[in-house]
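# Observations on chain architecture
Residues per chain are reported as follows:
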Amino acid sequence: MAVVPATQLRGHFCCRKNHSTGRHGKPIITPVPSTTRASITAYLDLRCPVPDGGLMLAPLRYGAFRYLAAGRLVNMLGNGVAPIALAFAVLDLTGSVRDLGLVVGARSLMTVLFVLFGGVVADRIPRRLVLVGSNVLGALTQAAVAALVLTGTATIPLLLALGAANGIVSALAQPASAAATPQTVPPELIQPANAIIRLGINAGMIGGAALGGLLVAAVGPGWGLAVDALTFAIAAMAFTGVRVAAPAATSTRTSIVADLREGWTEFTARTWVWVVVLGFMILNAALAGGVNVLGPAVADDTIGRSAWGVVLAAETAGMVVGGLIALRIRVRRLLLLGVACMFAESFLLLGLALAPTIVVLLAAGLAVGIAVEQFAVAWDTSIAQHIPADRLARVYSYDMLGSWVAIPLGQVAVGPVAAAIGTRDTLLILATLVVLAVLGMLASRDVRRLQAVAPARAADRAQAPSPDGGPDDDPATTPAESAARA
């Protein structure tokens with residue numbers, strides 16, 4: 001994979017530093033289009049990329065981005081605890097892998113059914129309102145689950161109902177969360193912004209997975225679920241600071257069906273989008289069944305519950321390493337690199353099937369995490385650079401629908417299949433499906449040839465500043481919302 005030199009990516013003359021001087025050592029002055037302070041500052045921010053080290057951390061200069069990153073970090077801290085706590089809560093309640101598949105499958109099913117509606121909502125009303133409201137509802141539903149488990153009154157029907165409610169909340173939050181990032185930074189900072197978001201998410205997952213394992217082993221799964229409810233509430237407070245422009249499509253004059261049709265047109269217009277989503281439909285179903293359902297059952301019989309939490313934490317630690325790599329990596333075909341890295345997703349399934357020891361699973365989890373992060377940053381960057389901002393949440397909702405639609409099937413079906421043919425053979429079949437899905441994505445010419453937009457070119461696409469406020473909330477240096485990335 002050819003690496004694009006940094007000098008090619010950031011070819012504009014930088015007005016902030018004296019990199020170019022005249023014959024007598026005086027700086028060559030580049031004309032600025034306006035003499036006003038606001039225009040000068042905006043011109044420098046959008047036309048003069050910062051040095052490589054500064055480029056990596058430049059998104060943190062924007063207040064809205066900092067609040068968004070903080071909220072998502074706290075969300076992921078709770079999300080790292082919740083799957084472990086819920087899995088062992090169900091296993092303690094009935095000891096049935098099938099019941100566990102039903103409970104987690106109910107949540108996933110509701111998320112799939114309502115995610116398109118969530119995309120329409122996020123493109124119609126301010127995304128901050130969606131993020132705050134959905135996290136408040138998430139805190140309430142998870143608090144109810146925790147109370148049931150802690151008081152010993154939990155039943156499978158009650159857990160199914162609350163899981164379904166939490167899935168609806170997730171469907172409302174996910175498109176808004178994904179589509180908010182490009183609104184908080186200038187276009188040339190989208191890739192490092194995505195990488196920083198992912199680093200924060202993974203840092204939260206590391207702590208959450210480790211904490212979840214410790215809580216389950218020490219005081220029981222109910223307290224893990226209570227911690228998850230608390231993190232929802234804290235995230236809601238953080239998201240109140242994500243002040244970004246309302247989407248251009250806030251008008252309610254069009255019907256929901258018309259909005260969905262418009263999003264579908266954007267989604268299907270680019271072959272690389274729907275090919276990758278189709279591949280992840282298979283890949284995610286295999287991983288959801290193998291890692292989320294069979295993984296805890298295998299761990300219970302081999303390495304133990306606390307060790308399984310450490311394995312999941314190692315995977316997230318690999319994501320942190322991968323995020324640091326993604327901050328600096330500059331390749332022309334970013335999506336090709338990301339998709340190719342998905343071969344590593346089979347490692348943890350193979351480890352559970354063939355050698356479920358702590359050493360093997362830790363190594364597999366670390367490798368998987370590094371690889372997954374390359375795809376995550378590549379995908380979010382590609383989507384943000386090539387999809388119009390006012391339709392971005394709806395495209396993300398179709399992406400999520402396609403990627404998640406088979407997850408409930410994988411979670412529900414894996415228990416009966418494992419009972420029929422054995423856990424080991426089931427895990428090997430799932431690993432094979434992962435490899436075939438990646439090969440299918442790479443078979444697409446559009447996936448292989450899509451090129452990332454260099455930061456200098458992305459800056460050229462910048463539109464007028466939004467009312468969010470730029471670095472440190474100074475309205476003179478507002479990130480532009482690129483409304484024409486296609």
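Structure report, in brief.

Conventions adopted
- Residues numbered from 1 in each chain as written.
- Predicted model: local features only at pLDDT ≥ 70, side-chain atom pairs only at ≥ 80, totals over all residues.
- Heavy atoms only, no water.
- Helix = DSSP H or I, 4+ residues; strand = E, 2+ residues; numbered from the N terminus.
- Polar contact = N/O pair within 3.5 Å; in protein donor to acceptor, adjacent residues only side chain to side chain.
- Buried < 20%, exposed > 50% of the residue type's maximum accessible area, 1.4 Å probe, protein only.
- Axes fitted to C-alpha atoms, helices over the stretch in contact; angles between N-to-C directions.
- Parallel < 35°, antiparallel > 145°, perpendicular 65-115°, else oblique.
- Left-handed = near helix turned anticlockwise from the far one by under 90°.
- Contact = heavy atoms within 4.5 Å.
- Nonpolar A, V, L, I, M, F, W, Y, C, P; charged D, E, K, R; others polar.

What follows covers the side chain of threonine 184. You can see threonine 184 is positioned in helix α7 (residues 156-184). A distance of 2.8 Å separates a polar side-chain atom of threonine 184 from the backbone oxygen of threonine 181.

As a further point, take the environment of glycine 289. Position of glycine 289 among the secondary structure elements: in helix α11 (residues 271-301). Using a relative accessible area of 0% as the deciding quantity, one classes glycine 289 as buried. In this structure the C-alpha to C-alpha distance between glycine 289 and valine 414, which are 125 residues apart in sequence, comes to 5.5 Å.

Another aspect to go through is the packing of helix α4 (residues 63-94) against α7. The geometry of a pair of packed helices is captured by two quantities: the angle between their axes and the separation between those axes. Viewed as axis vectors pointing N to C, α4 and α7 meet at an angle of 160 degrees, and their least axial separation amounts to 12 Å. Between α4 and α7, the angle falls in the class roughly antiparallel. In this structure, the crossing between α4 and α7 has a hand that is left-handed. Residues Ala64, Phe65, Leu68, Arg72, Val90, Leu93 and Thr94 of α4 form the contact with α7, whose own contacting residues are Ile156, Leu159, Ser177, Ala178, Ala180, Thr181 and Thr184. Each residue belonging to the contact of α4 with α7 can be placed in one class, and the counts come to nine nonpolar, four polar and one charged.

What follows concerns the environment of aspartate 123. Position of aspartate 123 relative to the elements: it lies in helix α5 (residues 97-124). Considered as a pair, aspartate 123 and alanine 389 are 266 residues apart in the sequence and their alpha carbons are 9.0 Å apart.

Direction vectors running N to C along α5 and helix α17 (residues 407-421) enclose 170 degrees, while the axes themselves pass 7 Å from each other. Classified by the angle their axes make, α5 and α17 are roughly antiparallel. On the side of α5, the interface is formed by Val97, Arg98, Gly101, Leu102, Val104, Gly105, Ser108 and Leu109, while α17 contributes Ile407, Pro408, Gln411, Val412, Gly415, Pro416 and Ala419. Of the residues that constitute the contact of α5 with α17, the class distribution is nine nonpolar, five polar and one charged.

Functional significance is not addressed by these values, which are geometric in nature.
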